[in-house]
Amino acid sequence: MDASLAIRHVIYKHFNDPDLTFTNDQVLDIMIKDDMVEAACSVDDVEDDFQNLCRAGVVRNIAQNFTTMYLKLFTPLQLVQCKECGQIPLHSEEPRVCIICGVSVTQ
Ligand SMILES: [Zn+2]
C-alpha cells in the first residue's frame, strides 16, 4: 500500500477525532503491525508523506521533538470511494479526487 494512503487509513481508523493528539511514531507502529508497510520502514522513510499531509491541510504539526511529530486533525476524515483504488480517507475541505490516481471520487 502507498505509504501516504496507509497513514490516512490509520488516522481514519484510530485517531479520527480533532481533539486527539497523536504522533507519527504511533501511526507508523500501527502501519507496521497491520502489515501496511514493511517492518523495516522507519519514521525517516515516511517523513515526506507526513509533510505532504500537513501541506494538504489534513493534519497540523503542533510540536516536534527530534523525529517525533505531534499531530492533530483539522476535521475528521471521511471515506470516499475510488473505482480503481478502493476507499480513500479525505477531509471535508479536500478536492474530491483520489490521492493515488487523481480521478474524481464520490462520497
Ligand atoms: Zn484512485
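The shown structure was predicted, so the numbers you read here are calculated from the model rather than taken from an experiment.

A. Local environment of helix α1 (residues 3–14). Between the first and last C-alpha of α1 there are 16 Å, a value that for twelve residues agrees with the 16 Å anticipated at 1.5 Å per step. Ala6, Ile7, Arg8, His9, Val10 and Ile11 are the residues of α1 that are buried. In this structure, the buried residues of α1 make contact with α2 (24–33), α3 (47–55), β3 (68–73), β4 (77–82) and β5 (86–91).

B. Spotlight on the sheet that holds strand β2 (residues 59–65). The antiparallel open sheet is built from three strands, whose spatial order is β1-β3-β2. Pairing within the sheet leaves two strands with one partner each, and these edge strands are β1 (22–23) and β2.

C. Structural detail: the nonpolar core. With 22 residues, the main nonpolar core has Ile7, Val10, Ile11 and Val27 as its most contacted residues. Of all the secondary structure elements, the ones that give two or more residues to this core are α1, α2, α3, β3 and β5. For this core, the element with the most residues is α1, which contributes four residues. What Ile7 contacts, discounting residues up to four positions off in sequence, is Val27, Val46, Asp49, Phe50 and Leu53.

D. The arrangement of the packing of α1 against α3 in detail. Interaxial distance between α1 and α3 falls to 9 Å at its minimum, and their mutual angle equals 65 degrees. Of the two possible hands of crossing, α1 and α3 adopt the one that is right-handed. Across the interface between the two elements, Ala3, Ser4 and Ile7 from α1 touch Asp49, Phe50, Asn52 and Leu53 from α3.

Rules and cut-offs
All chains use their own residue numbering, which begins from 1 and follows the written sequence. In keeping with the model being predicted, local features are shown solely for residues with a pLDDT of at least 70 and side-chain atom pairs are shown and tallied solely at 80 or more, while totals for entire chains, interfaces and linings include all residues. Secondary structure elements are defined from DSSP: runs of H or I of at least 4 residues count as helices, runs of E of at least 2 residues count as strands, and each element is numbered from the N terminus. Here, expected helix span is obtained from the residue count minus one, scaled by 1.5 Å. Exposure classification rests on a simple neighbour count of other C-beta atoms within 10 Å of a residue's own: a residue reaching 20 or more is buried, one at 12 or fewer is exposed, and one in between is partly exposed. C-beta atoms are placed from the backbone. Our contact criterion uses C-beta atoms placed from the backbone: two residues qualify when those atoms are within 7 Å. Whether two strands pair depends on DSSP finding at least two bridges between them. Put simply, a nonpolar core is buried Ala, Val, Leu, Ile, Met, Phe, Trp, Tyr and Cys residues tied into one set by C-beta atoms within 7 Å. Only the contacting stretch of a helix is used when fitting its axis, a line to C-alpha atoms as for every element, and angles between N-to-C directions run 0 to 180 degrees. Working rule for handedness: look at the near helix, and if it is turned counterclockwise from the far one by less than a right angle, call the crossing left-handed; if clockwise, right-handed.

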